[in-house]
Amino acid sequence: MKFFQYFLSIFLLSVLILPAQNSWAQETEEKPDFGAYYYHKKGLFEALPNASNEIIWLGDSITDGNQWAELFGNHRMKNRGISGDITDGVLYRLDEVTESKPAKVFIMIGVNDFARDRSVDDVLSNYKEIVNRIREASPETEIYIQSILPVNDDFTQFPSHTDETSDIKEANRQLQQLAEEKGAVYINLFDEMSVQDDKLNPDYTEDGLHLNGQGYLVWKSAVEQYLD
C-alpha cells in the first residue's frame, strides 16, 4: 500500500511538473535568436513610459546611432533603432511601437537583411506586413518609408553590407511603389547621400555603412518638411 501511494505521488508530481517544463521549453524555442543587444533594447523600450504624439524613428544601427530628439530639439522624438536589426526583428517588436498610437513613424530597415542573403522579395514582404500592422493598430499614425541608404565598398569594414547596392536600389524602387499603394510617404534619402556609382558619399561616413554627424545633418534636412 505504501509503495502504491509513493508511486502515485511521484506520478502526480510528474504530471504537474512536465507541463510547466514543456511550456518553458516551448517559450524558449519560440523566441527568435536576435542577439542579446536586441533583447536589451527591446526590454528597455517596453519599460519606458509612453507619451502622446510620439514621433518614432524605427530601424537598425543607422537609426540607433543618432540622437534624434537632440538633433531636432524635439522631445517627442523616440529612437527605436536597434543595431543589427532586420525586418523580422522590427515585426517582432512592433507592438511596443504602436502601443502609444504615435503621430508619425519613420522607418528605415533592410540593409542587414541583404547582408544575411535575404532577398528583395523577403524584405518587401516584411515591409508590407510592418505597414499593415501599423495601420491596423494605429490608424491615425502617419507612416514614412525612408529609402535604404547607399553603401560604399571603398571602405572594407563591412564587406557583407557594402556590396549590396543592386539589391538596395531594387528594394528602394519597390518601397516607393509600396508607399504609394499604402498611402504612406516615401522619402528618397538614397539620392541625397550618394555620389558617383551610387556609393555613399565618403564625406558622410567613416566605414561605408554608418553615418557620421554630417550624414545625419543631411538626413535632418531631407525630412524636416515632414515634421511641421
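See the structure shown above.
A brief report on the enclosed structure follows. Small disclaimer: the values here were computed from a predicted structure and weren't measured.

1. Digging into the pattern of salt bridges
Point 1. Within the structure shown, the criterion is met by 13 salt bridges.
Point 2. Notably, a salt bridge pairs aspartate 64 with lysine 41, separated by 3.9 Å at the nearest N-O pair. Residue aspartate 64 is found in helix α3 (residues 61-64), and its partner lysine 41 is found in helix α2 (residues 36-47); the two are separated by 23 residues along the sequence. Summarising the burial analysis for this pair, aspartate 64 and lysine 41 share the class buried.

2. With respect to the environment of isoleucine 134
Point 1. Mapped onto the fold, isoleucine 134 is located in helix α8 (residues 120-137).
Point 2. Relative accessible area serves as the criterion here: at 1%, isoleucine 134 is assigned to the buried category.
Point 3. Between the C-alpha atoms of isoleucine 134 and valine 97, which are 37 residues apart in sequence, the distance is 8.5 Å.
Point 4. Those residues in contact with isoleucine 134 that lie beyond four places of it in its chain are Leu94, Thr98, Val105, Ile107, Pro139, Thr141 and Ile143.

3. A few points about unusual backbone geometry
Point 1. At asparagine 53, a position not held by glycine, the phi torsion is positive, near 55 degrees.
Point 2. With respect to the helices and strands, asparagine 53 occurs in the loop between α2 and β1 (55-59).
Point 3. When its relative accessible area of 46% is taken as the criterion, asparagine 53 is described as partly exposed.
Point 4. In this model, lysine 101 sits at a positive phi of 55 degrees, which is unusual for a non-glycine residue.
Point 5. Tracing the backbone through its elements, the reader meets lysine 101 in the loop between α6 (94-99) and β3 (104-108).
Point 6. Owing to a relative accessible area of 48%, lysine 101 belongs among the partly exposed residues under this scheme.

The rules behind the values
Just so you know, the residues in each chain are numbered from 1, in the order the chain's sequence is written. Predicted model: local features are reported for residues with pLDDT of at least 70 only, side-chain atom pairs are reported and counted for 80 or more only, and whole-chain, interface and lining totals are derived from all residues. Excluded from the side-chain calculations are hydrogens and water; all other atoms, namely the structure's heavy atoms, are used. By definition, a salt bridge exists where a carboxyl oxygen of Asp or Glu is found within 4 Å of a side-chain nitrogen of Lys or Arg. Secondary structure elements follow DSSP: runs of H or I of four or more residues count as helices, runs of E of two or more count as strands, with numbering from the N terminus. Only protein chains enter the area calculation, which uses a 1.4 Å probe; residues under 20% of their type maximum are buried, those over 50% are exposed, and those in between are partly exposed. We call two residues contacting when some pair of their heavy atoms lies within 4.5 Å.

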